[in-house]
Amino acid sequence: MTRFFWLREDEAATAAFSGTFNAVHKWSLPGVKCSDCGATWSSWGCHYPCVDLSPLPERAEFERARPEPFPEFARLRERVRPLAPANALLPPGAAFGPLVGTASGEFGPFAWQGTSLLLVRSEALQSLRTEGVRGLLAARAELRFRKKDPPELMDLQLEPRGLFHRDCLPADVPPPCEACGRPAFDRPEAPVLDAASLPSDVDIFRLADFTTMIVGTERVVDAVKRLGLPGLLAQELPVR
Ligand SMILES: [Zn+2]
């Protein structure tokens, strides 16, 4: 059976590189002000850098982060849907298009922003693809460097797939809000993955239940080890 790992920043390894970046994705869905559950919220972690919203006449409406009442959010989401991957999860705050901003310093093979945004140097990405890692869709991050010959950093488009197993969630967890879909649990202390929900066609994805968690198969972890690429910490997750 395939083994699955929670992939995070190996801070001890990335501390050896001076590279930093300050950037945001070009477009995003607004947050939601829900009249049903009363929450004003936005998700984090759903990035689709390969999705181009420039053909939309109302693209400017995706350039400013703000909450909107649910009907307006839903209207804008339907405008994006035909441009997004089939069956893509498009929660409030989902981001699209290239990561745009500035960067400086020396970068290792992996650069992180929090747990949910992973940039990979193009040569490392190519090596991982050559090693047979599946699902490495990526767009070039548009980062302005002051130096000559800056590295090419690729922003991974990781689709939300897979769920937590019920056993690792509190027994009394309420269902998501029926109107806006706001989930009602925090990350479990000891995450367990639901075997039936896990994809078999990609080796790296984000958890649909918790999109700030990036999950990879042993194929990713083995390839990273073989190539000796620093910056990625892998913690095996039980599957049930
Ligand atoms: Zn709601």
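Rules of the game
In every chain, residue numbers begin from 1 and rise along the written sequence. Under the rules for a predicted model, residues below a pLDDT of 70 receive no local features and side-chain atom pairs below 80 are neither given nor counted, while totals for whole chains, interfaces and linings still include all residues. Heavy atoms throughout the structure, all of them, feed into the side-chain values; hydrogens and water do not. Starting at the N terminus, helices and strands are each numbered in turn, a helix being any DSSP run of H or I of at least four residues and a strand any DSSP run of E of at least two. In protein, a polar contact means a hydrogen-donor-capable atom and an acceptor-capable atom, both N or O and within 3.5 Å, with residues adjacent in sequence counting only if both atoms are side-chain atoms; elsewhere, any N or O pair within 3.5 Å suffices. The criterion used for residue contact is that any of the two residues' heavy atoms lie within 4.5 Å. Strand pairing is assigned whenever DSSP detects at least two bridges linking the two strands. We call a set of buried Ala, Val, Leu, Ile, Met, Phe, Trp, Tyr and Cys residues a nonpolar core when their side-chain atoms join them within 4.5 Å. Buried means the residue's accessible area, taken with a 1.4 Å probe over protein chains only, is under 20% of the maximum for its type, while exposed means over 50%, and partly exposed covers the values in between.

In this structure, what is going on with the side chain of Gln157? I would like to understand it.
Mapped onto the elements, Gln157 comes out in the loop between strand 12 (153–156) and strand 13 (160–161). Among the polar contacts listed, one links the side chain of Gln157 to the backbone nitrogen of Cys50, at a separation of 2.7 Å. With residues near it in sequence (within four places) discarded, Gln157 still touches His47, Tyr48, Pro49, Cys50, Val51, Pro85, Leu137 and Ala138.

Help me out: how do you make sense of the sheet that holds strand 13 in this one?
Strand pairing in a sheet takes place through backbone hydrogen bonds and is either antiparallel or parallel in direction. Spatially, 13-14-15-1-16 is the arrangement adopted by the 5 strands of the open sheet, whose pairing is mixed. The sheet is open, and its two borders are formed by strand 13 and strand 16 (232–237), each paired with just one other strand. Looking at chain direction, strand 13 and strand 14 (residues 204–207) are connected through 2 bridges and run parallel. When the bridges of strand 14 are listed, Arg161 appears paired with Leu207.

Where do I start with the nonpolar core in this structure?
For soluble globular proteins, nonpolar side chains are generally found buried alongside one another. Among the nonpolar cores identified, the biggest contains 23 residues, and Leu7, Phe110, Leu128, Leu156 and Ile204 are the most heavily contacted of them. Mapped by element, the contributors of at least two residues to this core are strand 1 (4–9), strand 8 (110–113), strand 9 (117–121), helix 3 (122–130), strand 12 and helix 4 (218–227). The element that contributes the greatest number of residues to this core is helix 4, accounting for 4 residues. Every residue in contact with Phe110, bar those within four places of it in the chain, is listed here: Thr14, Leu118, Leu119, Val120, Leu128, Val224, Leu229, Pro230, Gly231 and Leu232.

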